[in-house]
Amino acid sequence: MAETWRATAKAHRRQQLLDAAAHLFAERGFNGVSIEDLGAAVGVSGPALYRHFPSKEAMLGELLIGASRRLLEGCTRIIAEDAESQQALRDLVDFHVDFALSERDIIRIQDRELASLPLEVNREVRMLQRRYVQEWVALVARLSPTTPTAEIEVRVHAIFGLLNSTPHNARLVDVDDARGVLAEMAITGMLGARTAVDTASLDTT
């Protein structure tokens, strides 16, 4: 029982440190945050951080690899359930919109700090991101088979740019149905206005 409690407490502290790192890295930049800053954010001394992570770079790597894996795992799960319908695309858009609105710090870090990662970690993050894009492209290609793949890739990257811009839009929180607005823009941008009309009867919640 005692070992279980200690393991749980350690996992909780580790997650606290990662959450604090995400916020501070997004707010100040990776190079603007010290080990002491990270420790102070959760009420421990800076050196205590090394009980959980070997370095500040390791924390950044875990944040970005973890986010990339969650996106890819969620994407493949959605597509595996229904790989051929427009509802699958809508579910995938909703999934990414939820991520963009709830993980703003991670998106800001990803935009700015990939170059701060060690080379091998950087490569892993980029590999996971490429696979995520490829899953989207393959799904859209099945739904719009006459659209050239190169055009689909442009559309997918453009939609990611739209959705991932949410951390920089302070007014978004004032929109009553921000998720619905972003989802409809994404569907229309992905399939084109004419095809997207066909999804209007699908649930948008």
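Here we summarise the structure given alongside this text. (Residues numbered from 1 in each chain as written. Predicted model: local features only at pLDDT ≥ 70, side-chain atom pairs only at ≥ 80, totals over all residues. Heavy atoms only, no water.)

Two numbers describe a pair of aromatic rings. These are the distance of the centres and the angle of the planes. As enumerated under the stated definition, the model contains four aromatic pairs in all. Aromatic side chains Phe25 and Phe30 sit 5.1 Å apart centroid to centroid with 65 degrees between the ring planes, which places their arrangement in the edge-to-face category. Note on accessibility: Phe25 and Phe30 belong to one class, buried. An aromatic cluster is defined as three or more aromatic residues linked by ring pairs; in this entry it consists of Tyr132, Trp136 and Phe160. (Phe/Tyr/Trp six-rings, centres within 6.5 Å; stacked < 30°, edge-to-face > 60°. Buried < 20%, exposed > 50% of the residue type's maximum accessible area, 1.4 Å probe, protein only.)

Before going further, it helps to spend a moment on the packing of helix H3 (residues 56–81) against helix H5 (residues 104–113). Where H3 meets H5, the axes come as close as 10 Å, and the angle between the chain directions of the two elements is 115 degrees. Here H5 runs roughly perpendicular to H3, going by the angle between their axes. Seen along the crossing, H3 lies across H5 with a hand that is left-handed. Two secondary-structure elements touch here, H3 through Leu60, Leu63, Leu64, Ala67 and Ser68 and H5 through Ile106, Ile109, Gln110 and Glu113. (Axes fitted to C-alpha atoms, helices over the stretch in contact; angles between N-to-C directions. Helix = DSSP H or I, 4+ residues; strand = E, 2+ residues; numbered from the N terminus. Parallel < 35°, antiparallel > 145°, perpendicular 65-115°, else oblique. Left-handed = near helix turned anticlockwise from the far one by under 90°. Contact = heavy atoms within 4.5 Å.)

Quick look at the environment of Arg28 now. By secondary structure assignment, the location of Arg28 is in helix H1 (residues 2–28). Each C-alpha atom, one on Arg28 and one on Ile109, is 10.0 Å from the other, the two residues being 81 residues apart in sequence. Other than its neighbours up to four places away in sequence, Arg28 contacts Val33 and Asp37. Looking at Arg28, its side chain comes within polar contact range of the side chain of Asp37, at 3.3 Å. (Polar contact = N/O pair within 3.5 Å; in protein donor to acceptor, adjacent residues only side chain to side chain.)

A few words on the nonpolar core. Membership of the largest hydrophobic core comes to 59 residues, with the highest contact counts inside it found for Phe25, Leu89 and Trp136. For this core, the elements supplying multiple residues, two or more each, are H1, helix H2 (35–41), H3, helix H4 (86–102), H5, helix H6 (119–143), helix H7 (149–163) and helix H8 (178–191). With 11 residues, H3 is the single largest residue contributor to this core. Apart from residues lying up to four places away in sequence, Leu89 is in contact with Trp136, Leu139, Val140, Leu143, Ile187, Met190 and Leu191. (Core = buried A, V, L, I, M, F, W, Y, C linked by side-chain atoms within 4.5 Å.)

Turning our eyes to something else, we now look at the environment of Arg131. Positionally, Arg131 belongs in helix H6. Linking Arg131 and Thr76, residues 55 residues apart in sequence, is a C-alpha distance of 9.9 Å.

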